[in-house]
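# Notes for the structure review
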Amino acid sequence: MSGARGTTSRGVSAARSAVPVAETGSGTGRGALAGRAARSWAADPYADALGAGRGPLFLRRTDGWLLPLEVERWCARADAVDLQVLAYCEGAVLDVGCGPGRLVAELAARGRPALGIDVSEAAVARTVRLGGQALHRSVFEPLPGEGRWGTALLVDGNIGIGGDPAALLRRTAELLAPGGLLIAETVAGADVDERVDVRIVRAAHTDDDTADDSASETGGEGGSDDEGASGHRGAFPWARLGTPALLRHAARGGWHADAQWSAGGRSFVALRNGPRRDARRDRRTSSSAEPANSTAVISSQWARKSSAGRAVADR
């Protein structure tokens with residue numbers, strides 16, 4: 001983020017994350033849980049890992065099960081599998097939960113209009129340092145270009161944002177242009193469909209009272225304000241979906257399957273919002289010449305430069 005507030009100059013999980021923020025006027029329910037999730041991704045363990053460019057870092061379920069977060073891969077340059085995903089994109093691209101920004105940076109380097117959003121300031125800052133554009137904002141907050149994005153990305157586990165796949169799919173449909181494309185990464189090789197409470201931890205331990213768990217909980221918030229749906233401190237809602245589960249959720253939401261593929265041990269689904277289109281023609285057009293208003297989707301709605309010099313969005 002270059003120092004422009006909301007107008008960052010470069011390239012925001014799974015664990016990258018754009019999670020919902022608390023809704024105005026309510027300290028309970030989904031809004032409060034979403035706010036805790038945003039604070040968790042902004043907490044020191046995640047920011048520290050991005051600063052170091054490596055883990056270990058995990059999402060820890062309330063029963064002790066651990067999901068390793070691939071911090072090293074996220075902080076590296078886009079790899080061959082990532083490039084396959086980007087080749088499938090159409091028009092202006094919104095990377096939801098862009099994390100440290102490798103995909104937004106790669107698109108920018110190729111002259112493609114792209115914006116990342118993330119609730120982690122550290123992730124947004126790293127994205128901008130790479131040369132991409134990014135906003136410190138949740139996917140459930142107002143965003144530039146709503147209803148005009150050509151492609152939305154939910155990769156690296158970000159289909160789990162908010163712990164409610166149906167709600168996330170509805171929100172993504174609002175962001176895309178009619179017939180727009182969603183590319184989502186799913187749990188490889190399994191028909192998983194689960195909603196869980198998780199915490200961000202930096203060590204593979206099971207003791208709830210250790211310093212690492214305390215560091216992953218939100219600072220300055222105590223008591224029931226830091227309890228997830230299951231009553232565990234620092235927990236926030238997350239979801240994990242395999243390809244069959246995502247296709248079921250998508251069909252109920254009016255999406256059409258455009259493609260699905262696996263590469264490098266990862267699995268992806270491309271979904272179309274609304275009527276089916278000639279995807280091959282669309283991608284050929286996207287790769288040769290972007291629509292005249294694609295850049296305007298991003299640039300026309302940037303906020304003013306922050307006096308603090310941080311690339312964050314006006315709230």
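The coordinates are above.
Scoring rules and cut-offs
Residues numbered from 1 in each chain as written. Predicted model: local features only at pLDDT ≥ 70, side-chain atom pairs only at ≥ 80, totals over all residues. Heavy atoms only, no water. Helix = DSSP H or I, 4+ residues; strand = E, 2+ residues; numbered from the N terminus. Buried < 20%, exposed > 50% of the residue type's maximum accessible area, 1.4 Å probe, protein only. Areas by Shrake-Rupley, 256 points an atom, 1.4 Å probe, with all protein chains shown as cover. Arc of directions from axis to C-beta. Polar contact = N/O pair within 3.5 Å; in protein donor to acceptor, adjacent residues only side chain to side chain. Pairing = 2+ DSSP bridges. Axes fitted to C-alpha atoms, helices over the stretch in contact; angles between N-to-C directions. Contact = heavy atoms within 4.5 Å. Parallel < 35°, antiparallel > 145°, perpendicular 65-115°, else oblique. Left-handed = near helix turned anticlockwise from the far one by under 90°. Nonpolar A, V, L, I, M, F, W, Y, C, P; charged D, E, K, R; others polar. Salt bridge = Lys/Arg side-chain N within 4 Å of Asp/Glu carboxyl O.

In terms of regular secondary structure, the protein chain is built from 11 helices and 11 strands. Relative to its full complement of 315 residues, the protein chain shows a buried share of 56%. For the protein chain, the accessible area works out to roughly 12400 Å², and carbon and sulfur atoms hold 49% of it.

Residues V81, D82, V85, L86 and Y88 constitute the buried set of helix α4 (residues 80–88). Along the axis of α4, the buried residues cluster in a sector spanning 160 degrees; they form a single face. The exposed set on the far side of α4, more than 90 degrees from its buried face, consists of A80 and A87. The residue sitting at the N-terminus of α4 and contributing the capping side-chain oxygen is D79; that oxygen lies 3.1 Å from the backbone nitrogen of V81.

Right, let's talk about the side chain of R102 for a bit. Looking at the secondary structure, you find R102 in helix α5 (residues 102–109). Within the local environment of R102, its side chain forms a polar contact with the side chain of D156, the two groups lying 2.8 Å apart.

Put simply, G55 and P56 share a cis peptide bond, and its omega is 10 degrees. The topology assignment puts P56 in the loop between α2 (44–52) and β1 (58–61). At D156, a residue that is not glycine, the phi angle is positive and equals roughly 55 degrees. Topologically, D156 is positioned in the loop between β6 (149–154) and α7 (165–175).

What links the strands of a sheet is backbone hydrogen bonding, and the strands pair in either a parallel or an antiparallel sense. The seven strands lie next to each other as β5-β4-β3-β6-β7-β11-β10, forming an open sheet whose pairing is mixed. Each end of this open sheet is capped by a strand with a single partner; those strands are β5 (134–136) and β10 (255–263). With direction set aside, neighbouring strand axes in the sheet form an average angle of 20 degrees. Pairing geometry for strand β3 (residues 93–96) and β6, over three bridges, is parallel. If you follow V93 over to β6, its bridge partner there is T151. Packing against the sheet, α5 makes contact with β3, β4 (114–118), β6 and β11 (266–273), and its axis sits at approximately 165 degrees to β4.

α5 packs onto α4 with a crossing angle of 60 degrees between their chain directions and a minimal axis gap of 11 Å. One way to sum up the angle between α4 and α5 is to call them oblique. Of the two possible hands of crossing, α4 and α5 adopt the one that is right-handed. Where α4 approaches α5, its residues D82, L83 and L86 are matched on the opposing element by R102, L103, E106 and L107. Counted by class, the contact of α4 with α5 contains four nonpolar, no polar and three charged residues.

All right, on to the pattern of salt bridges then. In this structure the tally under the stated criterion is 19 salt bridges. Through salt bridges with shared partners, a single ionic network connects E70, R73, D79, D82, R102, D156, E185 and R266.

The interhelical angle for the contact between α2 and helix α6 (residues 121–129), taken along N-to-C directions, is 20 degrees, at an axis separation of 8 Å. Between α2 and α6, the interaxial angle falls into the category roughly parallel. Judged by residue contacts, Y46, A47, L50 and G51 of α2 engage A122, A123 and R126 from α6. Residue classes in the contact of α2 with α6 are distributed as five nonpolar, one polar and one charged.

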